Amino acid sequence: MTAPLISIFCRWPTPGEAKTRLIPGFGPEGAAAIYTKLLAHTVEVARASGIPFELRVTGAPVERFHAGLGDDLTIVEQGDGDLTDKLSRVPAPAIVIGSDCPGLTPQILRAARDTLATDPMVIGPASDGGYYLLGYNEPSDFAFTDMEWSTETVFAETLERFVARGIRPAVLPELSDVDTAEDLANWPDFLP
């Protein structure tokens, strides 16, 4: 079986466009600074995991991501469309993650990879009702189609979709991602 590739979904930290729900608490520059730290952390964790990974990017040319994060990275444009379209372009086997989860560790990424060696899918629930990681061995577009993103029901709905296909979910520990100023209370290192 082919080992999964980690696809990190990220955007260029342009003030006013990155982590917009943080802008009321930190302003456009502060929100972008927080996201810059979160993205660098995610890339560092992926490197330390030893698992092959790529960045799926939007908001700036690929060259700018190389200049900011390293020439050695594999970087792919997310392409047009909504989140469903962008996620559906990631080929299986895959581990899809965002770039705003300060609790993510190399051990969690390795646990996800190891789980996919024996299970068809793995998911990491986020404390806001979404998920911070989704891994799958077979194409899983059904998990993305017509999903109401950024709601507290995304995790539960995703589980239901896999279970409806007879796939038993393997669940990782719950982590928090950073969407609001309150989410940073336990992560002062990521403050601007």
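Above this text you will find the structure in question.
Everything numeric here is computed off the predicted structure, so don't read it as measured data.

Student: Help me get a handle on the pattern of salt bridges, residues and values and all.
Tutor: Per the counting criterion, the structure on display carries nine salt bridges. One salt bridge in this structure joins Asp-119 and Arg-168, with 2.6 Å as the shortest N-O distance. One end of the pair, Asp-119, is in the loop between α4 (106-116) and β5 (121-125); the other, Arg-168, is in the loop between α5 (154-164) and β7 (170-171), with 49 residues separating them in the sequence. Accessibility expressed as a relative area gives 12% for Asp-119, which makes it buried.

Student: Tell me what's going on with α4, and back it up with residues and numbers.
Tutor: Among the residues of α4, Pro-106, Ile-108, Leu-109, Ala-112, Thr-115 and Leu-116 are the ones counted as buried. Looking at the buried positions of α4, the neighbouring elements they touch are β1 (5-11), α1 (23-49), β4 (94-97), β5, β6 (131-136) and β7.

Student: So, the nonpolar core: which residues are in play, and what are the values?
Tutor: One finds Leu-55, Leu-109 and Leu-133 to be the most contacted residues of the largest nonpolar core, which totals 34 residues. Contributing elements (two or more residues each) for this core: β1, α1, β2 (53-58), α2 (62-69), β4, α4 and β6. At five residues, α1 tops the list of elements feeding residues into this core. Non-local contacts of Leu-133, meaning those with residues more than four positions away in its chain, are made with Ile-95, Val-96, Ile-97, Leu-109, Ala-112, Val-122, Ile-123, Gly-124 and Leu-172.

Student: Residue-level account of α2, with values.
Tutor: Turning to α2, its buried residues are Val-62, Phe-65, His-66 and Leu-69. The buried residues of α2 all sit within an arc of 100° when viewed along its axis, so they share a single face. Pointing more than 90 degrees away from the buried face of α2 are the exposed residues Glu-63 and Ala-67. One or two positions beyond α2, positive phi appears at Gly-70, with a value near 130°.

Student: Describe a negative patch on the surface, and please don't skip the residues or the numbers.
Tutor: A cluster of acidic residues, Asp-128, Glu-148, Glu-152 and Glu-174, forms a negative patch at the surface. For Glu-148, the location among the structural elements is in the loop between β6 and α5.

Student: Lay out the sheet that holds β6 in plain terms, naming residues and giving numbers.
Tutor: If you trace the seven strands from one edge of the open sheet to the other, you get β3-β2-β1-β4-β6-β5-β7, paired in mixed fashion. Bordering the open sheet on either side are β3 (74-77) and β7, each of which pairs with just one other strand. Sheet topology places β5 next to β7; two bridges connect them, and they run parallel. Bridging across to β7, Ile-123 finds its partner in Val-171.

Student: Lay out the packing of aromatic side chains in plain terms, naming residues and giving numbers.
Tutor: Applying the stated criterion to the full structure yields five aromatic pairs. Residues Trp-12 and Phe-65 carry aromatic rings whose centres are separated by 5.1 Å and whose planes lie at 85° to one another, so their mutual orientation is edge-to-face. A residue pair is termed long-range when its members are at least 10 positions apart, and Trp-12 in the loop between β1 and α1 and Phe-65 in helix α2 qualify at 53 residues. Here the two residues Trp-12 and Phe-65 agree in accessibility, since each one is buried. An aromatic cluster is built from Tyr-136, Phe-144 and Trp-149, whose rings are joined through pairwise contacts.

Student: Break down unusual backbone geometry for me, with residues and values.
Tutor: Backbone torsion omega between Ala-92 and Pro-93 reads -5°, so that peptide bond is classified as cis. Relative to the helices and strands, Pro-93 resides in the loop between α3 (83-88) and β4. One non-glycine residue, Asp-146, lies in the positive phi region at around 55°. Phi at Ser-150 is positive, roughly 60°, even though this residue is not glycine. Exposure remark for Ser-150: the relative accessible area of 66% places this residue in the exposed category.

Student: Report on the pairing of β3, specifying residues and quantitative values.
Tutor: Inspection of the sheet shows β2 paired to β3 by four bridges, in the parallel sense. In the sheet register, Val-57 faces β3, and the bridge partner there is Glu-77. Following the chain from β2 across α2 to the adjacent parallel β3, one finds a crossover that is right-handed.

What counts as what
- Residues numbered from 1 in each chain as written.
- Predicted model: local features only at pLDDT ≥ 70, side-chain atom pairs only at ≥ 80, totals over all residues.
- Heavy atoms only, no water.
- Salt bridge = Lys/Arg side-chain N within 4 Å of Asp/Glu carboxyl O.
- Helix = DSSP H or I, 4+ residues; strand = E, 2+ residues; numbered from the N terminus.
- Buried < 20%, exposed > 50% of the residue type's maximum accessible area, 1.4 Å probe, protein only.
- Contact = heavy atoms within 4.5 Å.
- Core = buried A, V, L, I, M, F, W, Y, C linked by side-chain atoms within 4.5 Å.
- Arc of directions from axis to C-beta.
- Patch = residues over 30% accessible without salt bridge, like charges linked within 9 Å, V, L, I, M, F, W, Y side chains within 5 Å.
- Areas by Shrake-Rupley, 256 points an atom, 1.4 Å probe, with all protein chains shown as cover.
- Lys, Arg positive; Asp, Glu negative; His and termini not counted.
- Charge placed at Lys NZ, Arg CZ, Asp CG, Glu CD.
- Pairing = 2+ DSSP bridges.
- Phe/Tyr/Trp six-rings, centres within 6.5 Å; stacked < 30°, edge-to-face > 60°.
- Right-handed = clockwise from strand over helix to strand, strands pointing away.

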